[in-house]
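Observations on the model geometry
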Amino acid sequence: MQDTITSVINPADRQGKYLDTPELEKLRKYFQTGELRVKAAATISENASSIVSQAVANSLLYGDITCPGGNMYPTRRYAACIRDLTLFLRYATYAMLADDPSIIEERVLFGLKETFSTLGVPIQPTVQAIQALKEVTTRLVGAEAGQEVGTHLDHICSGLSQ
């Protein structure tokens, strides 16, 4: 995983050049939104369990998926779903803090769709649950910070849907 600082400075250093205006502007924006991202991450960390619980309640809990024969039945499958959503939220938070989606590629999406397919995990309900995570998180942290983390949750949805 990189952060914006590393992704801007390392290529310039390899080329032996000073940062140009677009690179400096990218860093300025990163620092300007830093406090917003840190506050959002703190709020998400403090409320992660309730965010995930609310997202499940909003998207999955009352459908056939939780009934006998559904993909969130029995309890161990339900727990696995909660675990996965917790990981998705955590990695989206990391990506938001770093302002870099590479951690999502490396630690979440690499092989995930194939794993879910092998295990029979349905992609569409998973995407719905991730979208519910985005909605619940946005209500909690506010629109601007919600958009920051939402971008990374959308990236997970896109990776699963392709």
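Computed from a predicted model, the values in this text were never measured in an experiment.

Turning to the pattern of salt bridges, a few remarks are in order. For the structure on display, the rule yields six salt bridges. Of the charged contacts in the structure, one is a salt bridge between lysine 39 and glutamate 35, with a shortest N-O distance of 3.2 Å. Of the two residues, lysine 39 and glutamate 35 both sit in helix α3 (residues 34-59), four residues apart, roughly one turn of that helix. Glutamate 35 shares its class with lysine 39; the two are exposed. With a shortest N-O distance of 2.9 Å, aspartate 84 and arginine 83 are connected by a salt bridge. On the accessibility criterion, aspartate 84 (15% relative accessible area) is buried. The network of salt bridges with shared partners includes Lys17, Asp20 and Glu23.

Before going further, it helps to spend a moment on the UniProt feature "binding site: (2R,3E)-phycocyanobilin" (unreviewed entry) in the protein chain. Per the UniProt record, the feature "binding site: (2R,3E)-phycocyanobilin" (unreviewed entry) sits at Asn71, Arg76 and Cys81. Structurally, arginine 76 is set in helix α4 (residues 75-98). Taking relative accessible area as the criterion, arginine 76 reaches 60% and is therefore assigned exposed. Relative accessible area serves as the criterion here: at 16%, cysteine 81 is assigned to the buried category.

Tracing the chain through its elements places threonine 126 in helix α7 (residues 123-141). Under the relative-accessibility criterion, threonine 126 is labelled buried at 12%. A polar contact is formed between the side chain of threonine 126 and the backbone oxygen of proline 122, at a distance of 2.8 Å. Once residues lying within four places of it in the same chain are set aside, the contact partners of threonine 126 are Phe88, Phe116, Val121 and Leu160.

Attention now goes to the packing of aromatic side chains. Applying the stated criterion across every chain yields a total of two aromatic pairs. Relative to phenylalanine 31, the ring of tyrosine 30 lies with its centre 5.6 Å away and its plane at 65°, an arrangement referred to as edge-to-face. A relative accessible area of 11% places tyrosine 30 in the buried class. In this structure phenylalanine 31 comes out as exposed when scored by relative accessible area, which is 54%. Measuring from ring centre to ring centre gives 5.4 Å for tyrosine 91 and tyrosine 94, while their planes differ by 90°; the resulting arrangement is edge-to-face. Placement of both tyrosine 91 and tyrosine 94 in helix α4 is noted, with a separation of three residues, approximately one turn of the helix. Looking at tyrosine 91, the relative accessible area reads 12%, which means it is buried.

Within the span of helix α5 (residues 102-109), buried status applies to Ser102, Ile103, Ile104, Val108 and Leu109. Glycine 111, located one to two residues past α5, shows a positive phi value of around 80°.

Tracing the backbone through its elements, the reader meets serine 161 in helix α8 (residues 143-161). Not counting the four nearest positions on each side in its chain, serine 161 is found in contact with Lys113 and Val127. Polar contacts involving the side chain of serine 161 include one to the main-chain carbonyl oxygen of cysteine 157, which spans 2.8 Å.

Parameters and conventions
Residues numbered from 1 in each chain as written. Predicted model: local features only at pLDDT ≥ 70, side-chain atom pairs only at ≥ 80, totals over all residues. Heavy atoms only, no water. Salt bridge = Lys/Arg side-chain N within 4 Å of Asp/Glu carboxyl O. Helix = DSSP H or I, 4+ residues; strand = E, 2+ residues; numbered from the N terminus. Buried < 20%, exposed > 50% of the residue type's maximum accessible area, 1.4 Å probe, protein only. UniProt positions renumbered as here; feature names shortened; annotations may be inferred. Polar contact = N/O pair within 3.5 Å; in protein donor to acceptor, adjacent residues only side chain to side chain. Contact = heavy atoms within 4.5 Å. Phe/Tyr/Trp six-rings, centres within 6.5 Å; stacked < 30°, edge-to-face > 60°.

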